[in-house]
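# Chains, contacts and geometry: an overview
Spelled out from the first residue to the last, the chains are:
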Amino acid sequence: MMTTATASNIATSEIAQDGAFVRQQNRFTTPFGDKPGELPVEKDRYRLLWAPICPWAHRAVIVRKLLGLEDVISLGTVHPVRTARGWAFSLDEGGVDPVLGIHYLPEIYARSDANYTGRATVPAVVDVKKGVVVNNDYFKLTNYFKMAFKPFHKPGAPDLYPEDLRTQIDALNDVIFHDINNGVYKAGFAQSQSAYETAWDTLFNRLDILEQRLATQRYLFGNRITDSDIRLYVTLARFDVSYYSVFRTNRNRVIDFPHLWGYARDLYQTLGFGDTTDFHAIKQGYQLGDFNANPYQILAKGPDVSLWHFPHQRAAL
Ligand SMILES: N[C@@H](CCC(=O)N[C@@H](CS)C(=O)NCC(=O)O)C(=O)O
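Please read these numbers as outputs of a predicted model, since none were measured by experiment.

### Some details on the overall build of the protein chain
Along the protein chain, the regular secondary structure elements total nine helices and four strands. Helices and strands appear in the protein chain in the N-to-C order β-α-β-α-β-β-α-α-α-α-α-α-α. The C-alpha radius of gyration of the protein chain comes to 19 Å, within 12% of the 20 Å expected for a compact globule of 317 residues. Taken over the C-alpha atoms alone, the protein chain extends approximately 50 × 50 × 40 Å along its principal axes. Counting all 317 residues of the protein chain, 54% fall into the buried class. Restricting the contact set of the protein chain to residue pairs at least 6 apart, pairs at least 24 apart contribute 70%.

The structure is reproduced here in structure tokens:
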């Protein structure tokens, strides 16, 4: 029997005076690269730790798959319901990650920095040679996979961060992060009515804008999938099954936006997206992870996720 967390686990330092949620800083941010002091780019050197519930970690897993880095960076998966002792490797035999030999994620954070007092989060990249976390920069991790790990990409891997679009991609990613990816958390973790309503308004206002943008083009930057699409997708995939109810982001569901819904299905039906999306784990993680909010541990029966397989008819755009 797993011990469930007793609260949503955010620290008091992550709540501003007006009740708004302000996410903690990343602890491990050394870049990957070939300059002195950077993390050397090597095959079989790193292990990516993820939880299928987590949008930030899911993003890294999608990019790893699209670029064909599965044989280069190994993957460790925690149970979707975070325990009072942190993310647990209870899906693995004996409840132990087979490569790192740890039961709980905080063990490796403590090994990496004995003074670390923040939340032990996924995604986390571990240097298996040293047995320590070397990078948990969830915002930039996928950029490292795209740029620093380029020599290991599979032949014909998509260019998710094309040079001619980088400035525009970075600008849109920033907006997607603040208003949407983190926007749902700002609504869900708000500790005042006004902070919640501000996040709710900003989120739906931004979704309305992107709904228009996607009316006339298949992806956010035309007819090629980019980094921005992956960032938007991970929130859309969690929206109707969890955020809508758990985080009270309930003006409407993704399924109610004609273009965003077709776009989300289009990506879901693309290799690397749907096959790494575990709706059941996402529901478990958000709905059962906060024991106080759901003391009887009841998992919502719906919604019907088979709809994600319906034809999207966006190829003609
Ligand atoms: N590293 C970032 C983002 C990553 C993140 O929030 N991951 C969540 C899952 S989506 C996590 O691992 N939370 C563990 C916890 O709160 O104890 C942060 O510290 O806020």
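### Overview of helix α8 (residues 258-268)
The α-helix advances 3.6 residues per turn, and as a result positions three or four apart in sequence lie on the same side. Along α8, nine of the 11 residues are buried, which leaves the element largely enclosed by surrounding structure. For α8, every residue scored as buried is listed here: Leu260, Trp261, Gly262, Tyr263, Ala264, Arg265, Asp266, Leu267 and Tyr268.

### Some remarks on the sheet that holds strand β2 (residues 73-77)
Within the open sheet, the four strands sit side by side as β2-β1-β3-β4. Their pairing is mixed. Among the strands making up the open sheet, the edge pair consists of β2 and β4 (132-135). Strand-to-strand twist across the sheet, computed as the mean angle between neighbouring axes with direction ignored, equals 40°. In the packing of helix α1 (residues 55-66) onto the sheet, contacts are made with β1 (46-50) and β2, and the angle to β1 comes to roughly 135°. Most of the contacts of helix α2 (residues 105-112) go to β4, to which it runs at about 80°, and overall it touches β1, β3 (124-127) and β4.

### Structural notes on the domain arrangement of the protein chain
When the parts of a complex come together, some accessible area is lost, and that lost area is often taken as the interface size. As assigned here, the protein chain comprises domain 1 (7-152) and domain 2 (163-309). Look at where the C-alpha atoms of domain 1 and domain 2 centre, and you get two points 21 Å apart. Opposite the 31 residues of domain 1 that make contact, domain 2 presents 35 residues. Taking both partners together, domain 1 and domain 2 bury about 2,900 Å²; carbon and sulfur atoms supply 63% of that area. Linking domain 1 with domain 2 are two salt bridges, by the criterion used here.

### Examining unusual backbone geometry
Val122 connects to Pro123 through a cis peptide bond whose omega is 0°. Relative to the assigned elements, Pro123 resides in the loop between α2 and β3. Of note, the phi angle at Asp44 is positive, near 60°, even though the residue is not glycine. Assignment of secondary structure puts Asp44 in the segment before β1. For Asp44, a relative accessible area of 54% puts it in the exposed group. Its identity as a non-glycine residue notwithstanding, Gln313 has a phi of 50°, on the positive side. With relative accessibility at 71%, the residue Gln313 sits in the exposed group.

### Thoughts on the confidence of the model for the protein chain
Put simply, the protein chain has an average pLDDT of 94, and 97% of its residues get 70 or more. Counting interchain partners and residues more than four positions distant, the pLDDT-below-50 stretch residues 1-7 has 26 contacts.

### Points about the nonpolar core
Most often, soluble globular proteins have nonpolar side chains that are buried together. By size, the foremost hydrophobic cluster in this structure holds 90 residues, and its most contacted members are Phe145 and Leu232. The element that contributes the greatest number of residues to this core is helix α7 (residues 227-246), accounting for nine residues. Residue assignment places this core across two domains, with domain 1 (7-152) and domain 2 (163-309) each supplying three or more. Beyond its immediate stretch of four places on either side in the chain, Phe145 contacts Leu48, Ala60, Val63, Arg64, Leu67, Leu69, Ile73, Lys150 and His153.

### A few points about the side chain of Thr277
The topology assignment puts Thr277 in the loop between α8 and α9 (279-288). A distance of 2.7 Å separates polar atoms of two side chains, one belonging to Thr277 and the other to Tyr233. At 2.7 Å, the side chain of Thr277 and the backbone oxygen of Phe273 are in polar contact. Contact partners of Thr277, with chain neighbours within four places excluded, come to His58, Tyr233, Ala237, Tyr268 and Ile282.

### What about α1?
In this model α1 runs 16 Å from its N-terminal to its C-terminal C-alpha over 12 residues, within 8% of the 16 Å that 1.5 Å per residue would give. Of all 12 residues that make up α1, 11 are buried, and the element is covered over most of its length. Residues of α1 that are buried include every one of Pro55, Trp56, Ala57, His58, Arg59, Ala60, Val61, Ile62, Val63, Arg64 and Leu66, and no others. Of the residues flanking the end of α1, it is Gly68, one or two places downstream, whose phi is positive at about 75°.

About the cut-offs
Sequence order as written defines residue numbering, which begins from 1 separately in each chain. pLDDT decides what is reported in this predicted model: residues at 70 or higher carry local features, side-chain atom pairs at 80 or more are listed and counted, and totals for whole chains, interfaces and linings draw on all residues regardless. Derived side-chain values reflect all non-hydrogen atoms in the structure, with water molecules and hydrogen atoms excluded from consideration. For the purposes of this entry, the term helix denotes a DSSP run of H or I that reaches at least four residues, the term strand denotes a run of E that reaches at least two, and both are numbered from the N terminus. For the radius of gyration, the atoms used are the C-alpha atoms, and the globule rule reads 2.2 Å times the number of residues raised to 0.38. Residue burial is assigned from relative accessible area. The probe radius is 1.4 Å, only protein chains are included, and a residue is buried under 20% of its type maximum, exposed over 50%, and partly exposed in between. Here, two residues are considered to be in contact whenever any of their heavy atoms come within 4.5 Å of each other. A strand pair is defined by DSSP finding two or more bridges across the two strands. Where helices are involved, their axes are fitted lines through C-alpha atoms of the stretch in contact, as for all axes, and angles between N-to-C directions lie from 0 to 180°. Residue ranges for the domains originate in an automatic or database domain assignment. Summed over both partners, the accessible area lost on bringing two parts together, with a 1.4 Å probe, is the buried area. The salt bridge criterion pairs a side-chain nitrogen of Lys or Arg with a carboxyl oxygen of Asp or Glu, the two atoms within 4 Å. Known as pLDDT, the predictor's confidence for each residue is given on a scale from 0 to 100. Nonpolar core, defined: a set of buried Ala, Val, Leu, Ile, Met, Phe, Trp, Tyr and Cys residues in which side-chain atoms within 4.5 Å join the residues together. Polar contact criterion, stated in full: a pair of N or O atoms within 3.5 Å, where within protein one must be able to donate a hydrogen and the other to accept it, and residues adjacent in sequence count only if both atoms are side-chain atoms. The span expected for a helix works out to 1.5 Å for each residue beyond the first.

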